[in-house]
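Coordinate analysis (summary)
Each chain is listed here by its residues.
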Amino acid sequence: MPPRKPPKPPTRERLEKSALHYLERYAASAEGLRRVLLRKVARAAHAGVADRAQGASDVDAVVAKLVAGKLLDDSRFAEGRAASLARRGLPRGRIAQRLKIAGVDGEDIEHALGSLDEAGENDFKAAVIFARRKRLGPFADPARRAAARMKHLAAMARAGFSGELARRIVDAADPDDLAED
């Protein structure tokens, strides 16, 4: 295998082009994009074609320019990601955790969780979606359901649902019993 070519020096223009290309493909928070661009600078610095300090300041300038141009909006990113995770059946606590990992600040996380409340999303709906997706409780094979009760409760707990809510879902006789009051 031939040796790898060293990366091109990460100039501000190249970083901006890389950032735009990344944003075309993925939704990202400002901090998430900053991490991606800093990895690019770190690879170039490791190869000896860039200075980390200069690269870091260029990355900050590119991210600031994209935020000012409204191409990066952490609040909008947080709302979209929170809605997506809620549709997948994740509880509010796990959604907040994922947004924090993505680099979204606390104020935007609270705003995103508030928008979920306005849309009528809550932990009960998320737990029902999760149970249906994982075939837990009333969605499981009736022949094996009783023997797997503890495993179903454990799966709900690992997903971040409270014990009371997990028992309510797993102990339901059939899916129709889970219709919210």
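Conventions and cut-offs
- Residues numbered from 1 in each chain as written.
- Predicted model: local features only at pLDDT ≥ 70, side-chain atom pairs only at ≥ 80, totals over all residues.
- Heavy atoms only, no water.
- Helix = DSSP H or I, 4+ residues; strand = E, 2+ residues; numbered from the N terminus.
- Expected span 1.5 Å × (residues − 1).
- Buried < 20%, exposed > 50% of the residue type's maximum accessible area, 1.4 Å probe, protein only.
- Arc of directions from axis to C-beta.
- Contact = heavy atoms within 4.5 Å.
- Phe/Tyr/Trp six-rings, centres within 6.5 Å; stacked < 30°, edge-to-face > 60°.

With that settled, the discussion passes to helix H6 (residues 106-118). When the terminal C-alpha atoms of H6 are compared, their 18 Å separation across 13 residues agrees well with the 18 Å that a helix rising 1.5 Å per residue should span. All of the buried residues in H6 are Asp108, Ile109, Ala112, Leu113 and Leu116. Axial view of H6: buried residues confined to an arc of 135°, hence all on one face. Counted as exposed and oriented over 90 degrees from the buried face of H6: Glu107, Glu110 and Glu118. Its buried side turned inward, H6 meets helix H4 (74-87) and helix H5 (92-101).

On to the packing of aromatic side chains. What the rule picks out here adds up to two aromatic pairs. Between Tyr22 and Tyr26, the aromatic rings sit 4.9 Å apart at their centres with planes inclined by 40°, giving tilted as the arrangement. When the centroid spacing of 5.7 Å and the interplanar angle of 50° are considered together, the rings of Phe130 and Phe161 count as tilted. Note that Phe130 is positioned in helix H7 (residues 123-134) and Phe161 in the loop between helix H8 (149-159) and helix H9 (163-170), a separation of 31 residues in sequence. Across the pair, exposure class does not vary: Phe130 and Phe161 are buried alike.

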